[in-house]
Amino acid sequence: MSSRQIIGLLAIIALLSACGKGVRLQADAIDDRTAVPILDAGGVSTLISDSGVTRYRINAERWQVYDKAEPSYWEFIDGVYLEKFDENLQVDASIQADYAKYLDQQGLWELRGHVHAKNEAGEQFDTPQLFWNQNTERVYSDSMITIRRATSTLVGIGFQSNQTMTEYTILQPTGFFPIEETDESIN
């Protein structure tokens, strides 16, 4: 045997003898079950139905479900994209946010950080924080809001709307900016 073969054989024997010593690794017990998610999934795309009818699509990089917390909740720490469908499975509203938390028993969503929503008319809503109560079918915010429409931009603080974001009110309007049409043919 060559010296390389002998060294290799000794290394294998040393590894095998170390494995056979009965060393057991054991993790500590979980004391606070409310702080540990029952589900921690990545790269999620799922449909949610209510009474057998598909209502929503959720896309998220990370989805955590805390079923033992009081109250129980879902958390999307890396952001979420949510679409709401009408009865014909057409998207009638969409929301994207950097972070989201859903209190499942209350049917309440809290969306934070670069929240962008779009309604069926193509109006774009931008705010740093938005709440959506599925039970009351209302969307609202106390934060700064910008609404971009085809012919104008509205700016204000505080906002209330139906959940399809087609009937809305800015609580403290701070600006209305009409968008002037330009004639591209004149140069």
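Above this text you will find the structure in question.
Every value quoted in this text rests on a predicted model; they were computed, and no experiment measured them.

**Q** When you look at the pattern of salt bridges in this model, what are you seeing that I'm missing?
**A** Side-chain pairs of opposite charge can arise whenever the charged atoms involved come near each other. Tallied over the full model, the rule gives 6 salt bridges. In this structure, the salt-bridge partner of Glu 83 is Arg 57, at a minimum N-O distance of 2.9 Å. Residue Glu 83 is found in strand 4 (residues 80-85), and its partner Arg 57 is found in strand 2 (residues 53-66); the two are separated by 26 residues along the sequence. We classify Glu 83 as buried; its relative accessible area is 12%. A salt bridge links Glu 110 to Arg 112; the nearest nitrogen and oxygen atoms lie 3.2 Å apart. Judged by its relative accessible area of 18%, Glu 110 falls in the buried class. Arg 112 gets classed as partly exposed once you look at its relative accessible area, which sits at 36%.

**Q** Mind showing me how you'd approach the packing of aromatic side chains here?
**A** Both the distance between ring centres and the angle between the ring planes are used here to describe each pair of aromatic rings. Inspection of the entire model under this criterion finds 13 aromatic pairs. With centroids separated by 5.7 Å and ring planes inclined at 25 degrees, the aromatic side chains of Trp 63 and Phe 76 adopt a geometry described as stacked. Of this pair, Trp 63 sits in strand 2 while Phe 76 sits in strand 3 (residues 73-76), and the two are 13 residues apart along the sequence. Here Trp 63 matches Phe 76 in class, with each residue buried. Geometrically, the ring pair formed by Tyr 66 and Tyr 73 is stacked, given 4.7 Å between the ring centres and 20 degrees between the ring planes. The same class applies to Tyr 66 as to Tyr 73, namely buried. Three or more aromatic residues joined by ring pairs form one cluster here, namely Tyr 56, Trp 63, Trp 74, Phe 76, Tyr 102, Trp 109 and Trp 132.

**Q** In this structure, what is going on with unusual backbone geometry? I would like to understand it.
**A** Glycine aside, a negative phi is what most residues show, and trans is what most peptide bonds show. Here the bond from Glu 70 into Pro 71 is cis, since omega is 0 degrees, no more than 30 degrees from zero. Inspection of the secondary structure puts Pro 71 in the loop between strand 2 and strand 3. In this structure, Ser 51 is a non-glycine residue whose phi angle is positive, near 55 degrees. Tracing the sequence through the fold places Ser 51 in the loop between strand 1 (39-50) and strand 2. Of note in the backbone geometry, Met 165 takes a positive phi value of approximately 60 degrees without being a glycine. Relative to the helices and strands, Met 165 resides in the loop between strand 10 (152-162) and strand 11 (168-178).

**Q** Can you help me understand the pairing of strand 4 in this one?
**A** Extensive coverage of strand 4 is indicated by the burial of 5 of its 6 residues. Here strand 2 runs beside strand 4; their pairing, made up of 5 bridges, is antiparallel. Within the sheet, the bridge partner assigned to Asn 59 lies in strand 4 and is Tyr 81. The pairing of strand 4 with strand 5 (residues 91-97) spans 6 bridges and is classified as antiparallel. The residue bridging Phe 85 from the neighbouring strand is Val 91, located in strand 5. Counting the residues between successive antiparallel strands, the hairpin from strand 4 to strand 5 contains 5 residues, one of them, Leu 89, with a positive phi of roughly 60 degrees.

About the cut-offs
Residues numbered from 1 in each chain as written. Predicted model: local features only at pLDDT ≥ 70, side-chain atom pairs only at ≥ 80, totals over all residues. Heavy atoms only, no water. Salt bridge = Lys/Arg side-chain N within 4 Å of Asp/Glu carboxyl O. Helix = DSSP H or I, 4+ residues; strand = E, 2+ residues; numbered from the N terminus. Buried < 20%, exposed > 50% of the residue type's maximum accessible area, 1.4 Å probe, protein only. Phe/Tyr/Trp six-rings, centres within 6.5 Å; stacked < 30°, edge-to-face > 60°. Pairing = 2+ DSSP bridges.

Any functional reading would require information that these geometric values do not contain.
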